Amino acid sequence: MKYTIMTPGPTDVKENVMFSRAEKCTNPDLDLEFYDFYKETCDKIGKLLHTKNRVRILSGEGILGLEAACASLTENNDRVLVIDNGIYGEGFKDFVNMYGGNPILFKGNRGKAIDINELKLFLDKDSNFKYATVVHCDTPSGVLNNIEEICKLLKSKGILTVVDTVSAMIGEEVKIDEWGIDIALGGSQKAISAPPGLSIVTISDDAINVMKNRKQPIAGFYCNLLIWENYYENKWFPYTMPISDIKGLATAIDNILDEGIENVISRHSNIGNAVRKTIIDAGLELNIIESDNSNTVTVVKIPEGICCNKLLKILREKYNVFIAGSFGYLENKVLRIGHMGESARVDKVAYTLLSLEMTLKEVGFQCKVDLSKTFLSYL
Ligand SMILES: *Cc1c(COP(=O)(O)O)cnc(C)c1O
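Here is what the cut-offs are and how they apply
Residues numbered from 1 in each chain as written. Predicted model: local features only at pLDDT ≥ 70, side-chain atom pairs only at ≥ 80, totals over all residues. Heavy atoms only, no water. Near = heavy atom within 4 Å. Polar contact = N/O pair within 3.5 Å; in protein donor to acceptor, adjacent residues only side chain to side chain. Areas by Shrake-Rupley, 256 points an atom, 1.4 Å probe, with all protein chains shown as cover. Nonpolar A, V, L, I, M, F, W, Y, C, P; charged D, E, K, R; others polar. Pairing = 2+ DSSP bridges. Helix = DSSP H or I, 4+ residues; strand = E, 2+ residues; numbered from the N terminus. Contact = heavy atoms within 4.5 Å. Axes fitted to C-alpha atoms, helices over the stretch in contact; angles between N-to-C directions. UniProt positions renumbered as here; feature names shortened; annotations may be inferred. Domains from an automatic or database assignment. Buried area = accessible area lost by both parts, 1.4 Å probe. Salt bridge = Lys/Arg side-chain N within 4 Å of Asp/Glu carboxyl O.

Section: the site of the ligand
Next, step 1: What surrounds the ligand is the set Glu61, Ile63, Tyr88, Val135, Cys137, Thr139, Asp164, Val166, Ser167, Gln189 and Lys190.
Next, step 2: One nitrogen or oxygen atom from the side chain of aspartate 164 is found 2.7 Å from a nitrogen atom belonging to the ligand.
Next, step 3: At 2.7 Å, a side-chain N or O of lysine 190 approaches an oxygen atom of the ligand.
Next, step 4: Calculation on the ligand without its partners gives an accessible area of 370 Å², and the protein chains cover 83% of this total.
Next, step 5: Its residues assigned to classes, the shell around the ligand shows five nonpolar, three polar and three charged.

So, the sheet that holds strand 14 (residues 334-338)
Next, step 1: Reading across the sheet, the three strands line up as 11-12-14 and stay open at both edges, with antiparallel pairing between neighbours. The open sheet is flanked by strand 11 (285-286) and strand 14, the only strands paired with a single partner.
Next, step 2: For strand 12 (residues 297-301) and strand 14, the ladder comprises five bridges, and the chain directions are antiparallel. Within strand 14, the position partnered with valine 297 by the bridge is glycine 338.
Next, step 3: Packed on one face of the sheet, helix 11 (residues 261-281) meets strand 11 and strand 12 and runs near 10° to strand 12.

Section: the UniProt feature "modified residue: N6-(pyridoxal phosphate)lysine" (unreviewed entry) in the protein
Next, step 1: UniProt's feature table lists "modified residue: N6-(pyridoxal phosphate)lysine" (unreviewed entry) at Lys190, given in the numbering used throughout.
Next, step 2: Structurally, lysine 190 can be placed in the loop between strand 9 (183-187) and strand 10 (198-203).
Next, step 3: Beyond its immediate sequence surroundings of up to four residues, lysine 190 is in contact with Pro8, Gly9, Thr11, Val166, Ser167 and Met340.

Topic: the domain arrangement of the protein
Next, step 1: Taken as a whole, the protein is organised into domain 1 (15-258) and domain 2 (260-377).
Next, step 2: Its C-alpha centre places domain 1 at a distance of 28 Å from the equivalent point of domain 2.
Next, step 3: Between domain 1 and domain 2, the contact holds 26 residues from the first and 25 residues from the second.
Next, step 4: Counting the surface lost from both domain 1 and domain 2, the interface buries some 2000 Å², and carbon and sulfur atoms represent 61% of this.
Next, step 5: Counting the surface domain 1 buries against domain 2, the share from its top three residues, Ile87, Pro140 and Ser141, is 21%.
Next, step 6: Counting every contact that joins domain 1 to domain 2 gives zero salt bridges.

Take a look at the structure:
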């Protein structure tokens, strides 16, 4: 693999994670030790996220968790608050619709984080919602929402909270129990730095009780979060577990525990901060106001007259660097440098910035400073 992977997911994967995935397989349904291994891995994830809630690792890329949360909570005509200041934020309305619910959108400004006072005013008028969805880092734009404030406010109104923290978890702090997150959603391929294929879901007692007290049964099996109840006691998984994926994930989690979650989070904030400052010094523009940008991805406006695909192609073919464009309303307008998980390492980011500077120069944009040098000076 010749590429430096600097996309906002999938991220770079460490060698020991790859080796774990290559280990001999057992039969995960029959091997009782595998139930312990699965449970211990879930417990470690719970520790990283500061929660005593149930933790589940589902076999399916991050989107499965988003759909499973909506499938398991939504009944016909349920009113669901969809907090929308980005593409993933808005996207929850489709899952709510699919399962018969009635999504009501709270629309924020797409250039900054959700304004807590505006949300409070909105909820003072109407707080009759079964649950609310919110995205921690809305990856296409790079905005980071303050899920602590948002979830505490929602819980004070008796609303269940569903948080998509797929692209923030591990790179940004998440305190599930203290902040009142009923369902938190993550994926293996972002800051955790395992390959894509697994969703991580944490579920509170409140959320489980709502699921158990439904009038209509949950539509679907794969997305039904209740089928996991007592899997450990009964030694029964709803379907055969992807054992190699889970072994890889467990090693990636151990890597994080070995480094220490506080160190991992401060590594992300140091790098995120230095990249943002460098981009500004270069005479480029951030897509989101600096204070509201996630530490896991920097989204940069493409200077007038420059073709996004051409930039990405030069970076790929000449420098072996993968960064991303974006989609939806941001298509062809921004570049996204993912610095999450194992991609958030000084050497990789410095090389990426150097490559970006050379590429921009080739297409006619001269940066005002030496990007890699400036980046290093901010660390
Ligand atoms: C990556 C991501 C997901 C998972 O979906 P993909 O198919 O990998 O895009 C979900 N939510 C957010 C915010 C993400 O960044």
